[in-house]
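If you want the building blocks of each chain, they are given just below.
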Amino acid sequence: GKRKRLNTSVLYDSDESEDSDILVRRVFAKRHCIIDEDESSREQQPDKTCPTENVSTDRKRKVFAKLKELARRRAARRSCSSENCEDSDDEAETEEEPLCHLPLTPTEGSETDSDSMKDFIVEEEEDGDDNTEHLKSENQAQQKELNTSNSELLAYYVPHLSRCDHYVHFKRIVKAFLINAIDDTFLSSLYEGTRQKKYAQDMLLSLHYLDDRFIQPRLENLISRSRWKDRYKERVDCYPDIRIILKNPKNMFCQACELNRYCKFNVLLSGRLYNSRTLEADDFMSDDKQVLKVGMVCANRTRVYHNLKHFKYKLYVDCSSVTELDGVEDEPVKDTVERLFSQLEDSGWIQKRYNDLEDYMNDADSFQEEK
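Just so you know, these numbers come straight off a predicted model, no measurement behind them.

*Asks:* Any chance you could explain the packing of aromatic side chains here in plain terms?
*Replies:* Within a pair of aromatic rings, the relevant descriptors are the distance that separates the centres and the angle that separates the planes. Enumeration over the complete set of coordinates arrives at nine aromatic pairs. Judged by centre distance (6.1 Å) and plane angle (75°), the rings of F311 and Y360 are edge-to-face. Of this pair, F311 sits in helix α12 (residues 311–324) while Y360 is found in helix α14 (residues 349–366), placing the two residues 49 residues apart along the sequence. Looking at F311, the relative accessible area reads 6%, which means it is buried. The partly exposed category is assigned to Y360, whose relative accessible area is 24%.

*Asks:* I keep staring at the confidence of the model for the protein and nothing clicks. Help me out?
*Replies:* Do not read the fine detail of predicted coordinates wherever pLDDT is low. Per-residue confidence for the protein gives a mean pLDDT of 75; residues scoring 70 or more make up 61%. Here residues 80–86 scores under 50 on pLDDT; set against residues more than four positions off or in separate chains, the count is five contacts. Of the regions scoring below 50 in pLDDT, residues 88–127 engages in 24 contacts with residues more than four places distant in sequence or in other chains.

*Asks:* Mind showing me how you'd approach the side chain of K293 here?
*Replies:* With respect to the secondary-structure elements, K293 resides in strand β3 (residues 289–294). Buried charged residue K293 carries no salt bridge. Nearest counter-charge: E258, at 17 Å. Contacts of K293, omitting those with residues within four sequence positions, involve K247, N248, M252, C254, Q255, C263, F265 and N266.

*Asks:* For this particular structure, what's the right way to read the packing of helix α7 (residues 166–182) against helix α9 (residues 198–224)?
*Replies:* Think of two packed helices as two axes; the pair is described by the angle between the axes and how far apart they sit. Here α7 crosses α9 at 115°, and the two axes come no closer than 8 Å. Viewed along their axes, α7 and α9 form a crossing whose handedness is left-handed. Residues H166, H169, R172, I173, K175, A176, F177 and I179 of α7 pack against D202, M203, L205, S206, L207, Y209, L210 and F214 of α9. Per-class residue counts for the contact of α7 with α9 are ten nonpolar, three polar and three charged.

*Asks:* Quick question: what am I supposed to make of the pattern of salt bridges here?
*Replies:* For side chains bearing opposite charge, pairing can occur when the charged atoms are close. Tallied over the full model, the rule gives 14 salt bridges. One salt bridge connects K352 with D356, and the closest N-O pair in it is separated by 3.7 Å. One end of the pair is K352 and the other is D356, both in helix α14 and four residues apart, which spans about a single turn. Taking the relative accessible area as the measure of exposure, K352 reaches 48% and is therefore partly exposed. Note on D356: relative accessible area 21%, which makes it partly exposed. Several salt bridges converge on common partners, so that one network encompasses E69, R72 and R73.

Thresholds applied
Residues numbered from 1 in each chain as written. Predicted model: local features only at pLDDT ≥ 70, side-chain atom pairs only at ≥ 80, totals over all residues. Heavy atoms only, no water. Phe/Tyr/Trp six-rings, centres within 6.5 Å; stacked < 30°, edge-to-face > 60°. Helix = DSSP H or I, 4+ residues; strand = E, 2+ residues; numbered from the N terminus. Buried < 20%, exposed > 50% of the residue type's maximum accessible area, 1.4 Å probe, protein only. pLDDT = per-residue confidence, 0-100. Contact = heavy atoms within 4.5 Å. Lys, Arg positive; Asp, Glu negative; His and termini not counted. Salt bridge = Lys/Arg side-chain N within 4 Å of Asp/Glu carboxyl O. Axes fitted to C-alpha atoms, helices over the stretch in contact; angles between N-to-C directions. Left-handed = near helix turned anticlockwise from the far one by under 90°. Nonpolar A, V, L, I, M, F, W, Y, C, P; charged D, E, K, R; others polar.

Put into structure tokens, the structure is as follows:
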């Protein structure tokens, strides 16, 4: 009967600890409770064995209760390593200390360590940020100075690379033409370099921009893609006025490309020769005219080329007409130019001339190559 009772208690204890993952201790408990070696001696001394077994069973139950509580807490934390948990279980079983006196888990220790390291790292990052911001501001200042000096050098030595709005360039050119229409030495002094004030340098820069960026590349493109002869090109360059008239068609050699074409256009060239920089006209052979018979493609190319080639001169002629019609006398040149420029800008005259220039450039860009 005693053996049966002992076996039942052992099975009960093992069932209770079935959820706990400590299999080693259950084996030790069975060995401690089941006494098969001195069965005869235990039957001879029943009074001595019963109290010992009862004490060991109570102790086991207490230990298992503590182990279950510890397992529950350990499952809640989840981050505890198995090695440290077994050490804490052994200490709880052997020393039987209260659970509140258990040492800090590795998770708590790591949190405190990480907090202290985090504080330390933040201080270092703040110092580093201050240094990097200081270096960054210095680099930006140096880069700004370098860009300014580079832009000034480019504007002086390579005027067509200056960065400015196209319409701003155009308004400077109109103002320069108004000044030259009153004082005919202004443009020549600009190109000679005798005027060093900023407004004069800006006007010279815009004039270079108009010639080197707007007009000349497109003229070269039109010529390179054509079959024009040099003599025809020179004639178109020399005469600022042109009329293209549709006439009776005739099968002949075109006077522009000298190829056999079905020619039905007469190109009438006239006007005075002028200086391309100062725009000063030459009165020599002012009434000379040229009439040339060309085909349809050469006639269209002539129109596009001539509009761009002589746009600056015609703009200057229009500005001169404005100053002649003004009629105000005994007024400083600066005041007259500012007043006329404001009138032209308010009336939309400047914007219209700029739109004409854009149309001419678009025509040149979209002109197809001859077949």
